[in-house]
Amino acid sequence: MHNYFDTYVVVVVLLLVGAGIVGGALAANRMLRPDRPTAEKLTTYECGVDPVGEGWAHSYVRYYVFAYLYVVFAVDAVFLFPWATVFSAPGYGATTLAEMFVFLAFLATGLAYAGKKGVLSWV
C-alpha cells in the first residue's frame, strides 16, 4: 500500500528538475556572456534620446483608479460569458440568474460609489 505523500514525489522531482534547468541556463548565461561595462553602457537609455532631468515624474492617482475600474469591468466580462453558457443549461436558469444579478448589483454599487466620489470625471 502506498503512503499518501508518495504520490507527490513525482511532483517534487519535476519541480527540482525544472529548477535545475532554469538555474543551469542562468549559470551558463552568466559564464558565457561578455562582461565589459562602460560608463556609456550603464547610463539610462530612453528611446535613443539622452535622459534629461531626474528620473522621478509626478502622475495623478486618478489614472490608476481608471485602470482599476477597467480591471473590474474586464473581470465582469470574464464572468458574464461562462454565465451565459450555464444559464442555457436545463435546471440552472433561475439560480444562475439570481447569482448574476447579485454580482451585477455589487458592480453597480461600486460604480455608483466611484461616481459619487467624483472619480469618473476625467479632469
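Source: prediction; values computed, not measured.

A.B. asks: What is the right way to look at the UniProt feature "transmembrane region" (unreviewed entry) in the protein chain in this model?
C.D. replies: Per the UniProt record, "transmembrane region" (unreviewed entry) is found at residues 6-28, 63-86 and 92-114. Between the C-alpha atoms that bound residues 6-28 the distance is 33 Å, and the span itself is 87% helix and 0% strand. Along residues 92-114, the helical share is 96% and the strand share 0%, with 33 Å between the first and last C-alpha atoms.

A.B. asks: Quick question: what am I supposed to make of the domain arrangement of the protein chain here?
C.D. replies: Structurally, the protein chain comprises domain 1 (1-36) and domain 2 (60-122). Computed over C-alpha atoms only, the centres of domain 1 and domain 2 are separated by 41 Å.

A.B. asks: I tried to follow helix H3 (residues 93-116) on my own but got confused; where do I start?
C.D. replies: An α-helix turns once every 3.6 residues. As a result, residues three or four positions apart point the same way. Between its terminal C-alpha atoms H3 stretches 34 Å, which fits the 34 Å expected from 24 residues at 1.5 Å a residue. Every buried residue of H3 is listed here: Thr96, Met100, Leu107 and Ala114. Structurally, H3 contributes buried residues whose contacts are with helix H2 (61-87). Gly118 lies just past H3 and shows a positive phi near 80°.

A.B. asks: How should the environment of Phe103 be read in this particular structure?
C.D. replies: Following the sequence through the fold, Phe103 ends up in helix H3. Phe103 gets classed as partly exposed once you look at its relative accessible area, which sits at 24%. Along the chain, Phe103 and Leu80 lie 23 residues apart, while their C-alpha atoms are 9.9 Å from each other.

A.B. asks: I tried to follow the packing of H2 against H3 on my own but got confused; where do I start?
C.D. replies: Contact geometry of H2 with H3 gives a least axis separation of 11 Å together with a crossing angle of 170°. What the angle tells us is that H2 and H3 run roughly antiparallel. Contacts from Leu69, Val72, Phe73, Asp76, Phe79, Leu80, Trp83, Val86 and Phe87 of H2 reach H3 at Gly93, Thr96, Leu97, Met100, Phe103, Leu104, Leu107, Leu111 and Ala114.

A.B. asks: Quick question: what am I supposed to make of the environment of Leu111 here?
C.D. replies: Looking at the element boundaries, Leu111 is found in helix H3. In this structure, the C-alpha to C-alpha distance between Leu111 and Phe73, residues 38 residues apart in sequence, is 9.8 Å. Not counting chain neighbours up to four residues away, the residues in contact with Leu111 comprise Phe73 and Leu120.

Definitions and limits used
- Residues numbered from 1 in each chain as written.
- Predicted model: local features only at pLDDT ≥ 70, side-chain atom pairs only at ≥ 80, totals over all residues.
- Heavy atoms only, no water.
- UniProt positions renumbered as here; feature names shortened; annotations may be inferred.
- Helix = DSSP H or I, 4+ residues; strand = E, 2+ residues; numbered from the N terminus.
- Domains from an automatic or database assignment.
- Expected span 1.5 Å × (residues − 1).
- Buried < 20%, exposed > 50% of the residue type's maximum accessible area, 1.4 Å probe, protein only.
- Contact = heavy atoms within 4.5 Å.
- Axes fitted to C-alpha atoms, helices over the stretch in contact; angles between N-to-C directions.
- Parallel < 35°, antiparallel > 145°, perpendicular 65-115°, else oblique.

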